[in-house]
Structure formats: C-alpha cells, structure tokens
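Observations on chain architecture
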Amino acid sequence: MSNGTREHWSGGLGFTLAAVGSAVGLGNMWRFSYMAAENGGGAFVFLYIVLTALVGLPVMLAELTLGRGSQKSPIQALVHYGGDAWRPLGALFVAAGFVILAYYSVISGWTVRYAVEAALTGFPQDAGAHFGAIASGYPAVAWHLVFMGLVSFVVSGGIASGIERVSVALMPLLGVLVLGLAAYVTTLDGAGEGYRYYLTTDFREVLDFGVLKDAAGQAFFSLSLGMGAILTYASYLGRDRNLPKEALLVAASDFGVAFIAGMVVFPLVFALGVQGDVSASTLGALFVTLPKAFAQMGGIGRVIGGLFMLALVVGALTSAISLLEVVVSSAIDGLGWARRSAAWVCGGAIALLGVPAGMSLDALGLMDQIGGNLLLVLGGLVLSLFVGWRLGERALEEGEVGGGNRAVLRLWLFMLRFVVPPVLLIVLWYSLKESAALVIKLFS
Ligand code: PFF
C-alpha cells in the first residue's frame, strides 16, 4: 500500500487509546503479579519502575519515531531508514509477534473461560484442581481458537473501524473496572498485609541480576516494546502529534494500571489467606489464587471475580489485537495482501502455533521465556542501536515534528546511545543463560 492510501487513526484519542490498549493487558495483571511474586515483591517493583523510565521510555519513543517517520510496518521501516541489510532484524520482530501471540492467546482463552464461568456457574471451590483441568489440553485449545477468531475479526476490520473502535469503547471500561476493584479491596479485613508485602522493599534483592533480568523483560512486555507493536501503531499516525508526550502518556497509563492491579491482587490474596499459593504455583498464580479467594467470598466474590475476569479479557483482547497487527501490517506492506485475508491467514497460522502452548504448560512457559523475555529485549537492543546510532540526528528531527521539545529529545538520544544498550546487553546475557537452562531442563 502506498503512503497516499495508508490507513490512519480517525480521532484525537484513537491512537492513544489503542496504544494504551496494546500496553495494558495480561502483562499488567497476570505476568506482573507472577513476576513480582517470583522476585520478592517490592524489590522487583522498584527495579521495574526504574527500568520503565530509563529504558522503556526511550525505546518507546524510538518506536514512535520510526513508525511515524516511515509510515511503514516494522520490516519496511527498518529498510526505509537503514537499507536492505536490516531486513532480517525486522523479520525478528514479526517472529516475536508470532511466538508471543500464540501463547498469549492460550492464556487469554483461560480468562474468557473464567469470565463465562463466573457468569454461569460461579468459581469452583477447588480452584487448583479446576485450573489444572482447564489450563492444558483440548478445552484450553478450544478457548484459544475462539479467542484468536475474535482477534482476527477485529483486525480484519482495519485501523479506524476495527482496532480504534474497539479500543475507544473498551479502554475506559477497563479503567473503571480496575479502579472500582481497587476501591473495593480496601474494605477487606486483612488487606493491609497485602499492601505491605507488595510495597515494601528488601534492597539487597535489587542487586540480584536475576531480578534485573525479569524486571527488564517485564518492562518491555508490559509496554509492548521490542517487537514493533508501538512502531506499527505509530505508522498510522499523522505528523501533528507530539511524540515524547505520547510516549509519556502511554507509559504512565500502563504503569498506573499495573500498579493499581497489584493493589487489587495482593490485598485480595492476603485478606483471604491464600498467599501460600502465590509462590507455590508461579505461572498460574493469578488463575488459582484469585479464583480461590473469589470462591471463599461467596456471592459477592462471584460479582467481583466476574468483573475482574472481564477486565482481564478486555486487556487481553486489545493487546492481542496489536500483536496480530504487527504481523498483518507486514503482510499487507511486504506481500501486498489484502487486509481481510492477511488477518485471517496470519491469525490462523498463529492459532496453529499456539496449539502446543495449549497442550502443555511447559511449552507455554518456554514460549514466554523466549518470546516475552529474550526476543523483546533483543528487539529493544536493536531498536536503541538503530535509532541512536544509525538514525541519530535524523531521529531528532522526526521527534521535533509535532512539537517535541529539543532538550528532551537530546537527552533521549543520549540515553538511546549510551545508557539503554549496555543495560540491555547485561539483561540479554542473563536472559540467554536462563533460556538455555530452561531448554536443557525441558529436553533432558
Ligand atoms: N503489553 C501487553 C501486556 O502487557 O499484556 C503484551 C504485549 C502486547 C507485548 C504487544 C508485546 C506486544 F508487542
């Protein structure tokens, strides 16, 4: 598609809500709480905030600049600015989209199922056994396929009349749900213990590189960075937008929701006395502990739990849409496919790739480690080097279009050149080590 006919966001808030919709998702609730629980609570939260500001924000602005400047999907955007040699790295982004959406959709399928069950039958008393029964196997695959069908349908509708419409309708609802839930849990006896666990920090843990790696991976995952999702959304953006402002708005909203979601999850878990399960089951923590709490709360638990699951479904859907859009926009721009066929063919291929994750939690965990941690951090490193060194001053000029402040942009370029790459190299090293260990463990 040529630039002249490229689709664009229609309304003022369309892009912002879609980008926030991409960022806010299962990462904020499922992944954030399980990563925080695995890494000692407060220490993790602290590092996550630092990394979001120092590494996440600069990479977000890099993606916005590349996307809006080139008006192209990720692969073409890298080729546009860097030449053909960069094509394989763009392909890496599309590959990350494939892997992440494949298992993300399986988890989304769990949430849809829980939401439907909350409405129809309530939460079962034996949450652990229930999760065990539904997390893997044919039912998990079936719900995954339903979810992928929904995602493909929205993406086939296009930017303004598909993605934007859904985001504008659903994101405010998600904000209201999360705030309402956080207000409700303040009324529970015993919630204080949860706030304390969540917000106090043992600073010795901050020095642990394992925590650093997980906090960085989580910052990228949660902000939808490192695989061109924000880049792709920005490619449908006009030249009137102030990019540094957009970056700040999206990152702050994402952090806000993650933080408030923690203010829902931890007090609930502690007030109901189910905290032992958080460390016992990591990947499924949210899907075992919380339903258990909801079941114990009786009738009100069903309502609160149902609303919580609804918030999860909304977050998951708008994020999954952005993951698929990366792949679909690449097929449209690179292969000349029509949007409708691109959405269904790519959605179908990703649905197939998700089948192993639906059949086995080990496969799902491995895909999360490789896609969610490794590929995103690698992508972030590539983006920072590309925009910082290859584009350099050109990136500054693009950033200024729409009113970006020059001093802020100078600081940004400095961070992209000298701060982000070394931090990400360290993180990547630990991530590689852990992924290798996981692969060896799974296959030995
Ligand atoms: N940011 C999403 C979440 O927090 O759930 C997940 C995600 C979406 C990651 C899009 C990466 C991406 F490109």
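For the structure itself, consult the block above.
Quantities reported herein were computed from a predicted structural model and do not represent experimental measurements. Positions within a chain are numbered from 1, following the residues in the order the chain's sequence is written. In keeping with the model being predicted, local features are shown solely for residues with a pLDDT of at least 70 and side-chain atom pairs are shown and tallied solely at 80 or more, while totals for entire chains, interfaces and linings include all residues. Derived side-chain values reflect all non-hydrogen atoms in the structure, with water molecules and hydrogen atoms excluded from consideration.

Quick notes on the site of the ligand
Selection rule: Consider each residue's heavy atoms; a residue with any of them within 4 Å of a molecule or strand counts as near. Side-chain atoms alone can form a polar contact between residues adjacent in sequence; in general such a contact is a pair of N or O atoms within 3.5 Å, and within protein one must be able to donate a hydrogen while the other accepts it. Here the accessible surface of atoms and residues is derived via Shrake-Rupley with a 1.4 Å probe, and residues count as covered only by protein chains that are part of the display. Runs of H or I in DSSP of at least four residues are treated as helices and runs of E of at least two as strands, each being numbered from the N terminus. Amino acids outside the nonpolar list (Ala, Val, Leu, Ile, Met, Phe, Trp, Tyr, Cys, Pro) and the charged list (Asp, Glu, Lys, Arg) are all regarded as polar, and Gly is one of them.
Near the ligand lie 15 residues; those nearest to it are Ala-23, Gly-27, Tyr-104, Phe-221 and Ser-224. At 2.5 Å from an oxygen atom of the ligand is found a side-chain nitrogen or oxygen belonging to Tyr-104. Burial of the ligand by the protein chains amounts to 100% of its free accessible area of 340 Å². Those elements that provide at least two residues to the shell around the ligand are α1 (14-23), α2 (26-38), α10 (209-222) and α15 (299-335). Looking at the shell around the ligand residue by residue, the classes come out as seven nonpolar, eight polar and no charged.

Structural notes on helix α18 (residues 361-391)
The cut-off we apply is this: Note on bend: the value at a residue is the angle between axes fitted to the seven residues ending there and to the seven starting there. Buried means the residue's accessible area, taken with a 1.4 Å probe over protein chains only, is under 20% of the maximum for its type, while exposed means over 50%, and partly exposed covers the values in between.
Along α18, the sharpest kink reaches roughly 25°, centred on Leu-375. Counting buried positions along α18 yields 22 of 31 residues, so the element is predominantly enclosed. For α18, the N-terminal capping position is held by Ser-360, with its side-chain oxygen 3.2 Å away from the main-chain nitrogen of Asp-362. In the stretch just after α18, Gly-392 is the one whose phi turns positive, near 50°.

Focus on the packing of aromatic side chains
Worth spelling out the cut-off: Each Phe, Tyr or Trp ring (for Trp, its six-membered ring) is paired with any other whose centre lies within 6.5 Å, and the angle between the two planes then decides the class: stacked below 30 degrees, edge-to-face above 60, tilted in between. Two thresholds decide whether a charge sits over a ring: the Lys NZ or Arg CZ must be within 6 Å of the ring centre and within 35 degrees of the ring normal.
For the coordinates displayed, the defined rule picks out 19 aromatic pairs. The side chain of Arg-31 reaches across the aromatic face of Phe-221, ending 4.5 Å from its centre. Over the face of the ring belonging to Trp-389 we find Arg-417, whose NZ or CZ atom lies 4.8 Å from the ring centre.

What to know about the pattern of salt bridges
A side chain with one charge can pair with a side chain of the opposite charge if their charged atoms come near. Formally: A side-chain nitrogen of Lys or Arg and a carboxyl oxygen of Asp or Glu constitute a salt bridge if their distance falls within 4 Å.
Summed over the entire model, instances satisfying the criterion amount to 14 salt bridges. A salt bridge links Glu-7 to Arg-339, with the nearest nitrogen and oxygen atoms 3.0 Å apart. One end of the pair, Glu-7, is in the segment before α1; the other, Arg-339, is in helix α16 (residues 339-353), with 332 residues separating them in the sequence. With a relative accessible area of 23%, Glu-7 lands in the partly exposed category.

Some thoughts on helix α3 (residues 42-70)
Filter applied, for reference: Expected helix span is given by 1.5 Å per residue-to-residue step, counting one fewer step than there are residues.
Helix length check: α3 (29 residues) gives 40 Å between terminal C-alpha atoms against 42 Å at 1.5 Å per residue, within 8%. Approximately 40° is the largest bend angle found in α3, and it occurs at Thr-52. Summarising burial for α3: 23 of the 29 residues are buried, a large majority.

Things to note about the side chain of Ser-152
This is how it is decided: Working rule for contacts: check all heavy atoms of both residues, and any pair within 4.5 Å makes them a contact.
Within the element layout of this structure, Ser-152 appears in helix α7 (residues 138-156). Every residue in contact with Ser-152, bar those within four places of it in the chain, is listed here: Leu-324, Ala-343, Trp-344 and Gly-347.

Some remarks on the nonpolar core
We count it as follows: Residues belong to a common nonpolar core when they are buried Ala, Val, Leu, Ile, Met, Phe, Trp, Tyr or Cys residues joined through side-chain atoms within 4.5 Å.
If you look at the biggest cluster of nonpolar residues, it comprises 157 residues, and the most contacted ones within it are Trp-110 and Phe-308. Discounting residues that sit within four places of it in the chain, Trp-110 has contacts with Phe-131, Ile-134, Ala-135, Ala-140, Phe-287, Leu-361 and Leu-364.

So, unusual backbone geometry
A positive phi is found at Gln-71, a non-glycine position, where the angle reads about 55°. Note that Gln-71 resides in the loop between α3 and α4 (74-82). We classify Gln-71 as buried; its relative accessible area is 10%. A positive phi angle, close to 60°, is found at Ser-224, a residue other than glycine. Here Ser-224 shows up in the loop between α10 and α11 (229-234).

Regarding a nonpolar patch on the surface
Definition in use: Patches here are clusters of residues that have more than 30% relative accessible area and form no salt bridge, with a 9 Å joining cutoff for like charges and a 5 Å cutoff for nonpolar side chains (Val, Leu, Ile, Met, Phe, Trp, Tyr).
Among the surface-exposed residues, Leu-173, Ile-300, Val-303, Leu-307 and Leu-310 lie close enough to one another that they form a single nonpolar patch of about 370 Å² accessible area. Take Ile-300: it is sitting in helix α15.

Overview of the packing of α1 against helix α8 (residues 159-185)
To keep it simple, the criterion reads: In this description, a line fitted to the C-alpha atoms serves as the axis of each element, helices being fitted only across the stretch in contact, and the angle between N-to-C directions of two axes falls anywhere from 0 to 180 degrees. Oblique is the label for any angle not covered by the other classes, which are roughly parallel (under 35 degrees), roughly antiparallel (over 145) and roughly perpendicular (65 to 115).
Closest axis-to-axis distance for the α1/α8 pair is 8 Å, and the angle between their directions is 75°. Judged on the interaxial angle alone, α8 and α1 are roughly perpendicular. Two secondary-structure elements touch here, α1 through Gly-14, Leu-17, Ala-18, Val-20 and Gly-21 and α8 through Ile-163, Glu-164, Ser-167, Val-168 and Met-171. Among the residues making up the contact of α1 with α8, the classes are represented as six nonpolar, three polar and one charged.

Some details on the environment of Leu-64
With respect to the secondary-structure elements, Leu-64 resides in helix α3. The sequence separation of Leu-64 and Tyr-236 amounts to 172 residues, and the corresponding C-alpha distance is 10 Å. What Leu-64 contacts, discounting residues up to four positions off in sequence, is Phe-15, Gly-69, Ile-230, Ala-234, Leu-243, Glu-246 and Ala-247.

Quick look at the packing of α1 against helix α12 (residues 243-271)
Worth spelling out the cut-off: Crossings are assigned a handedness: left-handed for a near helix turned anticlockwise from the far helix by less than a right angle, right-handed for a clockwise turn.
At a minimum axis separation of 9 Å, α1 and α12 run at an interaxial angle of 40°. Regarding the angle of α1 to α12, the classification is oblique. The handedness of the crossing between α1 and α12 comes out as right-handed. Contacts from Phe-15, Thr-16, Ala-19, Val-20 and Ala-23 in α1 reach Glu-246, Leu-249, Val-250, Ser-253 and Asp-254 in α12. Its residues assigned to classes, the contact of α1 with α12 shows six nonpolar, two polar and two charged.

Re the side chain of Glu-117
Following the sequence through the fold, Glu-117 ends up in helix α5 (residues 87-120). In terms of polar contacts, Glu-117 uses its side chain to reach the side chain of His-130, at 2.8 Å. The contact partners of Glu-117, leaving out residues within four places of it in the chain, are Gly-122 and His-130.

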